Every structure is written in structure tokens, then in C-alpha cells.
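Listed here are the chains, written in short residue letters.
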Amino acid sequence: MWMWLNILRPKRGFLMHFASTFRGILVWVIISLWLYRAYGPQVLLLPATFSLLFSLGLYRRYRLIVDTPTSKLSSGAQGYVELQGIAALLEGEYMRGLPELPVTLWLPGYIEDEPFVLTDEQGCCVVNPQSIELVVRPADNHWWWLPAIYPGQVLYALGELCTYGGENLTVNYRQRLLEVLADWKRRPFLLLQQFDTNRNGKLDPDEWSVVQDAAARWVEDDIEEHKATRQTHWLDVDKAGQWCMVTNIPPESLAKRYYGFAWLHGLGWLGTLLWLM
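Criteria and cut-off values
- Residues numbered from 1 in each chain as written.
- Predicted model: local features only at pLDDT ≥ 70, side-chain atom pairs only at ≥ 80, totals over all residues.
- Heavy atoms only, no water.
- Core = buried A, V, L, I, M, F, W, Y, C linked by side-chain atoms within 4.5 Å.
- Buried < 20%, exposed > 50% of the residue type's maximum accessible area, 1.4 Å probe, protein only.
- Helix = DSSP H or I, 4+ residues; strand = E, 2+ residues; numbered from the N terminus.
- Contact = heavy atoms within 4.5 Å.
- Axes fitted to C-alpha atoms, helices over the stretch in contact; angles between N-to-C directions.
- Parallel < 35°, antiparallel > 145°, perpendicular 65-115°, else oblique.
- Left-handed = near helix turned anticlockwise from the far one by under 90°.
- Nonpolar A, V, L, I, M, F, W, Y, C, P; charged D, E, K, R; others polar.
- Phe/Tyr/Trp six-rings, centres within 6.5 Å; stacked < 30°, edge-to-face > 60°.
- Expected span 1.5 Å × (residues − 1).
- Patch = residues over 30% accessible without salt bridge, like charges linked within 9 Å, V, L, I, M, F, W, Y side chains within 5 Å.
- Areas by Shrake-Rupley, 256 points an atom, 1.4 Å probe, with all protein chains shown as cover.
- Salt bridge = Lys/Arg side-chain N within 4 Å of Asp/Glu carboxyl O.
- Polar contact = N/O pair within 3.5 Å; in protein donor to acceptor, adjacent residues only side chain to side chain.
- Disulfide = S-S within 2.5 Å.
- pLDDT = per-residue confidence, 0-100.

**Quick word on the nonpolar core**
- Leu83, Phe116, Cys125, Val127, Ile149, Leu235 and Val246 are the most contacted members of the largest nonpolar core, which has 21 residues in total.
- Every element with two or more residues in this core is listed here: β1 (79-88), β2 (116-120), β3 (123-127) and β5 (154-164).
- Here valine 127 is in contact with Pro115, Phe116, Leu118, Ile132, Leu235 and Val246, once residues within four sequence places are set aside.
- In this structure, Phe54, Ile65, Tyr258 and Phe261 belong to the second largest nonpolar core, which totals 18 residues.

The structure is reproduced here in C-alpha cells:
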């Protein structure tokens, strides 16, 4: 019982998603007729205003899908991007989901916040679903009514792409050098053993200069070693507030859907205003 209630619980972006379905239009018409009969024609301005907001919101989504160029993960693109690729588990992960289902990457009410991987022919990135809207239709190969994401599905994504590690590694060189010197100072016996060349039991100015040079070389080598490690791409919510989402619906179909329902809601708003005049 609780399983089905969790799955049916409203998700992020539920209203906009519901407004872009014929079922949503039907419910909206029924609500408007009930308001008209219960309170008179003037109250229809309320649903008409919501229809206008739905129209503008859906058209904005349509423009973002159509106008954002597709990026490849190897291109080095950062910021707000459009990606297409194959869904997969994180490296080293082999099982996820409910025992009644095959391996599942995302399942409403159960697996909503665990990251998964989006791969294309040139790289891969980790998708953070905690703050991204997921527009998901039921898969063709499992329970026909269950909206879920499975490994191997083709996904389309809009979001903020950040890259950590590799050439994008940012390090405060001076701060790192001070940290290394402070760490070495906590082990004076080793410092004296290695850098006290005249064996007088202390580090003279010339010897301390040698210590600083050695620490600087160590920091430079450490930074280069970290930059040589594999980059990690991460898709997350856009810092500028743009709409971010992941879907298993082909982008062409989703764009047409948003465009069509944006017009329907806009015509509903305009028709209501003309009728009330």
C-alpha cells in the first residue's frame, strides 16, 4: 500500500507536467465549470490567470529545449548545457532498486536522490537528481504504468555542467605552501635530520630557504599530479535559475508537447477574457 502511495506522491514540477497533458486539460475544464456554477462567471478570472502562467511556463520550456545546443562531454563545455546519452549506474555499483523490479536508477518515492551516470560516446557525467526536475514516462520493457529510469535508457538533460579535477582543478598555491610548511614544522626532528647540513641542532636562514624551496617543489608536483587525474563531470541545478531537468522522452516529442499545450492554455486564457468582456 505504502509503495503505491510513495510512487503517486506529487514530484518536483508536478503542476507544469500535469498542465502539459490532456488529462490535465480535462481536470482544468471541470474545475472551471464547477467554479462557474458555484460562484458565477467573474471567478473564471482565477483559472484563466493560471492558464496564462501555464502557457508562459510551457513556452519557456519549449524555447530552452529548442534553443540550447547539444554538447559533448569531451568538448569542455561548462555552465548551462544540453546533453544526450545513455543512463547507467555509478562506477562500482551493481544493484539498486526494489526486489520486484530490475536494476533501477530512479523511482519516484523510493530512489529519488541517488546520483546516476549519463554517458555519451565521448565521456560520462554524474547526474544529481536531488534538485533537478525529472520528466519521466513509463518504460516499454517493464511495468507499463510505472514512471522510472532504468540502465540503458536514452536520456536528455538540461542543467549546469561542472567539471572537477584534471585541468579544471583550482588550488591556492600560497595557501597550499603554507599548509605544507606548517605540517613539516610539526615534525622538527625530520626537518633537522634532512636539512640541518652543519649539524648545529637548528635551521639557519640558508637552511630554512632550502626547506622552503623543497616545499615549493613538493606543492608543484602535488598540483600537477592532481591535474593529471581523470576529470569528473557533474550535472546539477543551474546557478542562474534556469529550468533543469532529465527525461527519457525524446526532446523533439517533449518540445512539441510543451509547444502545443502552451498554445492551448494561451487560447483558454484569451477565450475566457473575451467571453467575460
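**So, the environment of valine 126**
- For valine 126, the position within the fold is in strand β3.
- In the structure, valine 126 is positioned 10 residues away from phenylalanine 116 in sequence and 5.7 Å away in space, judged by C-alpha atoms.
- Once you skip the residues sitting within four places of it in the chain, valine 126 turns out to touch Leu90, Pro115, Phe116, His233, Trp234 and Leu235.

**Details of the packing of helix α4 (residues 45-67) against helix α8 (residues 251-276)**
- Running from N to C, α4 and α8 cross one another at 155°; their axes reach a closest spacing of 7 Å. As far as their axial angle goes, α8 and α4 are roughly antiparallel. Our pair here, α4 against α8, has a crossing hand that is left-handed.
- Of the residues in the contact of α4 with α8, the class split is 19 nonpolar, six polar and one charged.

**Things to note about the packing of aromatic side chains**
- Tallying each qualifying case throughout the model produces 12 aromatic pairs.
- An angle of 75° between the planes, with centres 6.1 Å apart, marks the rings of tryptophan 28 and phenylalanine 50 as edge-to-face. Here phenylalanine 50 lies in helix α4 and tryptophan 28 lies in helix α3 (residues 22-39), a separation of 22 residues in the sequence.
- On the basis of an interplanar angle of 25° and a centroid distance of 6.4 Å, the ring pair of tryptophan 184 and phenylalanine 195 is categorised as stacked.

**So, α8**
- End to end, α8 covers 38 Å across 26 residues, agreeing with the expected 38 Å (1.5 Å per residue, within 8%).
- Looking only at α8, the buried set comprises Pro251, Leu254, Ala255, Tyr258, Phe261, Ala262, His265, Gly266 and Thr272.

**What to know about a nonpolar patch on the surface**
- On the surface, Tyr59, Tyr259, Trp263 and Leu267 cluster together into a nonpolar patch covering about 430 Å² of accessible area.
- Among the elements that make up the nonpolar patch, the one with the highest residue count is α8 (three residues).
- Among the structural elements, tryptophan 263 can be located in helix α8.
- Residue class for tryptophan 263 comes out partly exposed when judged on its relative accessible area of 49%.

**Here's the deal with the side chain of glutamate 82**
- By the secondary structure assignment, glutamate 82 is in strand β1.
- On the accessibility criterion, glutamate 82 (5% relative accessible area) is buried.
- At 2.9 Å, the side chain of glutamate 82 forms a polar contact with the side chain of tyrosine 156.
- Once you skip the residues sitting within four places of it in the chain, glutamate 82 turns out to touch Ile65, Thr68, Pro69, Thr70, Ser71, Tyr156, Ala157 and Leu158.

**Looking at the state of the cysteines**
- Within the structure shown, the criterion is met by zero disulfides.
- Not part of a disulfide, cysteine 125 finds its nearest cysteine sulfur in cysteine 124, a span of 7.3 Å.
- Looking at cysteine 125, the relative accessible area reads 1%, which means it is buried.

**Things to note about the confidence of the model for the chain**
- Scored by pLDDT, the chain comes out at a mean of 82, with 87% of its residues at no less than 70.
- No element of the chain has a lower mean pLDDT than helix α1 (residues 2-8), which averages 46, and none a higher one than α4, which averages 95.
- Taken together, the stretch residues 1-8 has pLDDT below 50 and engages in 13 contacts with residues farther than four places along the chain or on a different chain.

**Digging into the side chain of histidine 265**
- For histidine 265, the location among the structural elements is in helix α8.
- Side-chain polar atoms of histidine 265 contact the backbone oxygen of alanine 19, separated by 2.9 Å.
- Apart from residues no more than four positions distant in its own chain, histidine 265 is found in contact with Ala19, Ile25, Ser51, Phe54, Ser55 and Leu58.

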